[in-house]
Amino acid sequence: PDVYDFAAIQAKWLPVWDELDPFRAGREGDTRPRKYVLDMFPYPSGDLHMGHAEAFGFGDIAARYWRHQGFDVLHPIGWDSFGLPAENAAIKRGTDPRTWTYANIEQQKRSFRQYAPSFDWSRELHTSDPEYYKWNQWLFLKMYEQGIAYRKAGQVNWCPNDQTVLANEQVVDGHCERCGAVVTKKALTQWYFRVTDYGDRLLDDLNQLEGAWPSKVVSMQRNWIGRSSGADVEFEIEGREGRVPVFTTRPDTLYGATFMVVAVDSDLAAELASGASDEVRRRFDDYLDSVRAESDIDRLATDRPKSGVFLERYAINPLNGERLPIWASDYVLADYGHGAIMAVPAHDQRDLDFARAFELPVRVVVDTNAPVTGVIPVIPLDEDGNPYVPDDLPPLDPASTGVALTGDGRLINSGPLDGLSKQNAIRRAIEILEERGTGRAAKNFRLRDWLISRQRFWGTPIPIIHCADCGEVPVPQEDLPVRLPDAAGLDLKPKGQSPLGAAEDWVNVACPNCGGAAKRDSDTMDTFVDSSWYYLRYLNAADDTQAFDPAQAEKWAPVDQYVGGVEHAILHLLYARFVTKVLFDLGYLSFTEPFTSLLNQGMVLMDGSKMSKSKGNLVEFASELAAHGTDALRVTLAFAGPPEDDIDWADVSPTGSAKFLARAWRISGEVTSNPDVEWKSGDASLRRITHRLLADAPALAEAYKFNVIVARLMELVNATRKAIDSGPGAGDAAVREAAEVTAMILDLFAPYTAEDMWQRLGYKPTVALVPWRKADRALLVEESVTAILQVDGKVRDRVEVSPKISADELERIARSTAGVVRAVGDREIVNVIVRAPKLVNIATRG
Ligand code: ANZ
Ligand code: ZN
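Source: prediction; values computed, not measured.

Some points on helix α3 (residues 84-93)
Three or four residues apart is the spacing at which side chains of an α-helix point the same way, because the helix has 3.6 residues per turn. Within α3, the full set of buried residues consists of Leu 84, Ala 86, Glu 87, Ala 89 and Ala 90. The inward-facing, buried residues of α3 abut α4 (97-115). Of the residues one or two after α3, Gly 94 is the one with positive phi, at around 65°.

Encoded structure:
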């Protein structure tokens, strides 16, 4: 008998595909239109897991789909192979991170081979190869030339466990993203990329991605960039030269400022404290020590008691000349805005909490009880929860209620601003500040510059040489790559300084500028630099003369379909977007967004929770692959639900998928008609099912409704079975047509089975390149009939309806048509006769 043996089929076709090399993109003379389909490249931390199987399965569906649509599809693969896990594993095992990394890559490659994504393997890359990271260094130096890469001293996030700095993005709720340790602050000189210069563009260009990226990702990016608008206001400080700017979103409340707060860990605070009395200085130093250990999240939390030290100094309000006492506190952050604020306790909750804690004055300047045109006033509640009547009420008193008035209202106690609404007062205040030269409109970003230096071994060396005489000297282009030294003999254990600093032969060099003794920068780059532009390297991965070829980028990029996990919703995507804009500005690219559309796949769960070794609920990719085969695994993942949803492995059935595949495959062996059979002679009802799928699948695929396509394939296979067993039989043209279409569409999900079916149907490989069959329009039209609608025997209207319409439905439609409604008027309906689908007659009286 005809037995479906997935292992035999896999073994049969792999070498054939190797031979045919059908997925190589961009061949000389290929005139097909192009698509670039990319999966986020894997990190080689072990073998592939079910998450990879899912994500790469979806990416491959897209790649195969576009090939059937006649596109030359670029679908490359590589490895994101630098990073901490390799280094930590190496430390644990006492080996070279290289050994561990490349062994894992080999393992993953073997698994990918079985899993058969339609990759163009000729473009394989590893970011830890000098051939790749050379171009990270090139990119760094380009940015250095532009002033986009720069070094500065500052308080940085420090992971005491990994003994390395972290970008803000890598601190999650005050903890290290990788190891979970509580992140502290440390004063260090580090390298940064000036992402903040791109804040507006990173934000505004998100509009282009609306609808093509998951809306959740777009809004996460928006929040992360966090643009706020307001004003910079400059304050003089008594007994001090120069003016101090503060950033405020509420310049309208300037008359309500009653004190100033400087970040306790800012330079200004240190300067002001150094001139204060011994007593104040001591209190300030103690306070600063206690604050150092806190995370920013804690510092900004609204629900903790306020703390601070009065510095015995005063600022002068530029609008009304008032003296404002200056306090140092932790609730103002040193690196946001200007690290100092004007405190308006009546209208800002944190300022109010502080004022109440230290008995500072509270002055209301916006009467939020006064109605503002066009704005529905929020009706305030009294202590018993009853609404105040918002008429002729005095403004509320935040000093006693403890609740700041943040809403809209009319300005009071504010000289030239009195009577204005909040928005108008903001505008007017900025005008006044600008007239007097003591402030201006300003905006601020939550986004910080990207801290890119790491004190670890397994990354791209920063191509800078430090010379006592010449300062920072870029490594000349012809000396790139700056290769990593051998790990042997180096102590990779984290100790706060880069292990590279101890590689004497490596670190000591002649200054390229003056020839004197100099040292290499011993830090390595954040691995997010590697992944910020890798999509361009695939275009000519073997080129050793340039990072990427702008002409190839013009042809292929940006990426048409990007697939990957939502865990990269902020960091990776933001950095790739940033670097793309930098390369655009440098003239290398003609587009500014790297990924035109994005699919975030869900997670593979087990019994509703994340799989992990420690929970003992790990479903291993390798064992599932061995048990069910590639095709059943891929069909199972695609059929489980919409790709964005999580898949619970306890709820799915790879055996069910295997049965479906066997059914489809058996049909291909039963077809008795020849390939040149006249389609039109086939059974019309089976043909209709086939052609509806051909017509619907493209829109379904492009909307990522892969599970629906699988369901429709199952329906088609069942209908074909029926046609063979109890219909026109295996020799009918429609049976052959259905089997061929099944094979072609099944290629998206089950490439081995599809290929074998294709051969059994009498064709040569490969089914992957078979053009999508055109749906026959004539088989698609839902036939319709014209129903005649009569009132008292006269034809009053006509409607097009389905031949299968029910009497009730037809009556409902008839009663609502314009012609019938008009004819009935206000007469009483006494009788309705329905002859579906052709006729309705309504009898009236009155
Ligand atoms: C006066 C004021 C009055 C403010 C008022 C708010 C309400 P976002 O929207 O997050 O940008 N601020 C400015 N710099 C700060 C810093 N380094 N640390 C902590 N807070 C800081 O917030 C801007 C507002 O946060 C600014 O506007 C400032 O307080 C405060 F009724 O100025 B505002
Ligand atoms: Zn020098």
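So that's the structure; there's more coming.
Details of the pairing of strand β1 (residues 34-39)
Side chains on a regular strand alternate between the two faces of the sheet. In terms of burial, β1 is a largely internal element, five of the six residues being buried. The pairing of β1 with strand β2 (residues 72-74) spans three bridges and is parallel. The residue of β2 that forms the bridge with Tyr 36 is Leu 74. Read as a crossover between parallel neighbours, the route from β1 over helix α2 (residues 50-68) to β2 is right-handed. Inspection of the sheet shows β1 paired to strand β26 (residues 561-565) by three bridges, in the parallel sense. Paired with Asp 39 across the two strands is Val 563, which belongs to β26.

A short note on the site of ligand 1
Of all residues adjacent to ligand 1, which total 15 residues, the nearest are Ser 228, Thr 248, Leu 333, Tyr 336 and His 347. At a separation of 2.7 Å, an oxygen atom of ligand 1 approaches a polar side-chain atom of Thr 248. In this structure, Thr 249 approaches ligand 1 through a main-chain N or O atom, which is 3.0 Å from an oxygen atom. Those elements giving two or more residues to the shell around ligand 1 turn out to be β11 (243-248) and β15 (340-343). Considering only residue class, the shell around ligand 1 consists of eight nonpolar, five polar and two charged.

Focus on the side chain of Gln 10
Take Gln 10: it is sitting in helix α1 (residues 6-20). Beyond its immediate stretch of four places on either side in the chain, Gln 10 contacts Gln 114, Gly 629, Thr 630 and Tyr 752.

Quick word on the sheet that holds β2
Where strands meet in a sheet, backbone hydrogen bonds hold them as pairs that are either parallel or antiparallel. A sheet is described by the order of its strands in space; here four strands give the open sequence β2-β1-β26-β27, paired in parallel fashion. Pairing within the sheet leaves two strands with one partner each, and these edge strands are β2 and β27 (598-601). For this sheet, the mean inter-axis angle between neighbouring strands, taken without regard to orientation, is 20°.

Structural notes on the coordination of the zinc ion (ligand 2)
A four-donor tetrahedral metal ideally has 109.5 degree angles, and a six-donor octahedral metal ideally has angles of 90 or 180 degrees. Only Cys 467 (SG), Cys 470 (SG), Cys 511 (SG) and Cys 514 (SG) from the protein coordinate the zinc ion (ligand 2), and they sit 2.2 to 2.5 Å from it. If you look at the zinc ion (ligand 2), its four donor atoms make angles of 103 to 115° with each other, and the shape they trace is tetrahedral. We note that the donor set of the zinc ion (ligand 2) lies within a single chain, spaced as C-x2-C-x40-C-x2-C. Of this pair, Cys 470 sits in the loop between β21 (464-467) and β22 (471-474) while Cys 514 sits in the loop between β23 (508-510) and β24 (517-520), and the two are 44 residues apart along the sequence. In this structure Cys 470 comes out as partly exposed when scored by relative accessible area, which is 28%. Here Cys 514 falls in the partly exposed class, since its relative accessible area comes to 44%.

Points about the environment of Val 582
Here Val 582 is to be found in helix α19 (residues 571-585). Looking at Val 582, the relative accessible area reads 1%, which means it is buried. Along the chain, Val 582 and Val 195 lie 387 residues apart, while their C-alpha atoms are 9.6 Å from each other.

Some details on the UniProt feature "binding site: ATP" (unreviewed entry) in the protein chain
Within this numbering scheme, the UniProt entry marks Lys 613 as carrying the feature "binding site: ATP" (unreviewed entry). Tracing the backbone through its elements, the reader meets Lys 613 in the loop between β29 (609-610) and α20 (621-639). Looking at Lys 613, the relative accessible area reads 71%, which means it is exposed.

Here's the deal with the nonpolar core
Phe 140, Trp 450, Tyr 535, Leu 536 and Phe 578 are the most contacted members of the largest nonpolar core, which totals 92 residues. Here Phe 140 is in contact with Ala 149, Trp 191, Phe 193, Ile 452, Ile 462, Pro 463, Ile 464 and Met 525, once residues within four sequence places are set aside. Counting residues in each nonpolar core, the second largest holds 67 residues, with Trp 17, Val 37, Ile 61 and Leu 746 among its members.

About the thresholds
- Residues numbered from 1 in each chain as written.
- Chains lettered and ligands numbered in written order.
- Predicted model: local features only at pLDDT ≥ 70, side-chain atom pairs only at ≥ 80, totals over all residues.
- Heavy atoms only, no water.
- Buried < 20%, exposed > 50% of the residue type's maximum accessible area, 1.4 Å probe, protein only.
- Helix = DSSP H or I, 4+ residues; strand = E, 2+ residues; numbered from the N terminus.
- Contact = heavy atoms within 4.5 Å.
- Pairing = 2+ DSSP bridges.
- Right-handed = clockwise from strand over helix to strand, strands pointing away.
- Near = heavy atom within 4 Å.
- Polar contact = N/O pair within 3.5 Å; in protein donor to acceptor, adjacent residues only side chain to side chain.
- Nonpolar A, V, L, I, M, F, W, Y, C, P; charged D, E, K, R; others polar.
- Axes fitted to C-alpha atoms, helices over the stretch in contact; angles between N-to-C directions.
- Donors = N, O, S within 2.8 Å, 3.2 Å for Na, K, Ca; no water.
- Tetrahedral: all angles 85-135°; square planar, octahedral: opposite > 155°, others 65-115°.
- UniProt positions renumbered as here; feature names shortened; annotations may be inferred.
- Core = buried A, V, L, I, M, F, W, Y, C linked by side-chain atoms within 4.5 Å.

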